[in-house]
Amino acid sequence: MATTKPPLYMVTWRCTRRCVGNCLYCSYTREYAKDAEVDTKTAFKIVDEIHNFGSPWFGISGGEPLVRSDIFDIIEHAKKAYNMEVSLITSGFAFDEKRLSNLVRNDVHTAVSIDGNREANDIIRGRGSYDKALFAMKKLSENGILDCVVTTMTKYNIKDLEHPVKLAAENGAKMVVFHNIVPVGRAGSNMPDLAPSPEDYEWAFNQIYDLQVKYERNDFKVNVYSPFYARIVKQKNPANFWDWFTNDFLGKCTIGGKYIGLTENGDYRPCGFHEGYRVGNVKDKSLKATWDELQHSEFHMKLRDRTNLKGRCGVCEYREICGGCRTRAEYYTGDLFESDPACAYVPRALREEKERK
């Protein structure tokens, strides 16, 4: 019997903005009203909608998901009602033996955020946060549910990118993922102190490629949530690029209708970072219907068409595989279609134009 491939392998719900941490680059501001979170019944509906949409994986992010008192009731609903795979990310701040036991009992694929070595991490996340994250990582590893180690690149850790890779590999994670910093929430106000320069990013992505090759094995991957990284891989490994880009690359910009997630109040949004673009709420619209509307939205079709990009992104020979981060472009320029200023690459067309002059 033929099976239909789901539109998305995983749909992620940001279940809360609450957190016991106060990270400098946090995507969310500390303004919070408890009644903005959906109740448990509506959270069950979110799970139902994701299952009906066809996605086999239910992703949970935050804030810190483990501070929700009903989080394991919701996870158990996903497991018992639909036998879904569940993925959750934690900072380790709210990690304890009881929560560990519940994660293990429900076989939750758990990721840990850690931003480099102890010195770099504790600058970003607060003193003692490295040890908390490392403790969570080791406990999850001992119980066979450590899925991923996640690092956000900043000025403080960008010169020691192998540290989180080693931690992930040594503790049996399936993957380490590097994020580039996106100026939303607290990160926006702290960008001058946190953001690597375009040249730093260029150096870092080349280093990450070398780490990807060095640590390559069937049960472990190094990946990057950044559109720029596609160009680096295309330049370094053109022979295997399309297989990697199609099957393994996580960093494609998705704001043009290639992604949908849910927020703590049940809103649907088509970008995992941008707070301004919402496309309905789970309380009055199904996920399937929202996705279908997103695919036919004039605005999002315009975003999908890379010929609408401006500046360097618009003339770049790599625009179809990269296109930059639209959220970052809008933050710096006020225009969602402008060039992403974090990219150091000068497109061939501009180099040739300069030579002609």
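See above for the structure.
Throughout this description, residue numbers start from 1 for each chain and increase along the sequence as written. The predicted origin of the model limits local features to residues at a pLDDT of at least 70 and limits the giving and counting of side-chain atom pairs to 80 or more, whereas totals for whole chains, interfaces and linings rest on all residues. Here the side-chain values reflect all heavy atoms present in the structure, with hydrogen atoms and water set aside.

**Q** Any chance you could explain the pattern of salt bridges here in plain terms?
**A** Pairs can form between side chains of opposite charge whenever their charged atoms are close. Here, a salt bridge means any side-chain nitrogen of Lys or Arg that lies within 4 Å of a carboxyl oxygen of Asp or Glu. Counted according to the given criterion, the structure contains 26 salt bridges. Of the charged contacts in the structure, one is a salt bridge between Glu97 and Lys139, with a shortest N-O distance of 3.6 Å. Separated by 42 residues along the polypeptide, Glu97 in helix H3 (residues 97-105) and Lys139 in helix H5 (residues 129-142) bring together distant segments of the chain. For Glu97, a relative accessible area of 49% puts it in the partly exposed group. Whether a residue is buried, partly exposed or exposed follows from its accessible area with a 1.4 Å probe, protein chains only, as a fraction of its type maximum: under 20%, in between, or over 50%, in that order. For Lys139, a relative accessible area of 22% puts it in the partly exposed group. The secondary structure listing takes helices from DSSP runs of H or I that are at least 4 residues long and strands from runs of E that are at least 2 residues long, numbered from the N terminus.

**Q** Sorry if this is basic, but what is going on with unusual backbone geometry here?
**A** Note: most residues except glycine have negative phi, and most peptide bonds are trans. Note the cis peptide between Gly62 and Gly63, where omega equals 20°. Along the polypeptide, Gly63 turns up in the loop between strand S2 (57-61) and helix H2 (71-82). For Asn83, which is not a glycine, the phi torsion comes out positive at approximately 55°. Mapped onto the elements of the fold, Asn83 is located in the loop between H2 and strand S3 (85-90). Judged by its relative accessible area of 65%, Asn83 falls in the exposed class.

**Q** Is there a simple way to explain the pairing of S3 in this structure?
**A** Across a regular strand the side chains alternate sides, sitting on one face of the sheet and then on the other. Two strands qualify as a pair provided that DSSP identifies no fewer than 2 bridges between them. In the sheet, S2 pairs with S3 via 4 bridges, with the strands oriented parallel. When the sheet's bridge partners are listed, Trp57 is paired in S3 with Glu85. A right-handed crossover is one whose linking path, passing over the helix from the first strand to the second, runs clockwise when the strands point away from the viewer. After leaving S2, the chain enters H2 and then returns to the sheet as S3, a path that is right-handed. Pairing of S3 with strand S4 (residues 109-113) involves 4 bridges; the strand directions are parallel. Bridge pairing links Leu88 to Thr110 in S4. Each parallel crossover has a hand, and for S3 linked through H3 to S4 it is right-handed.

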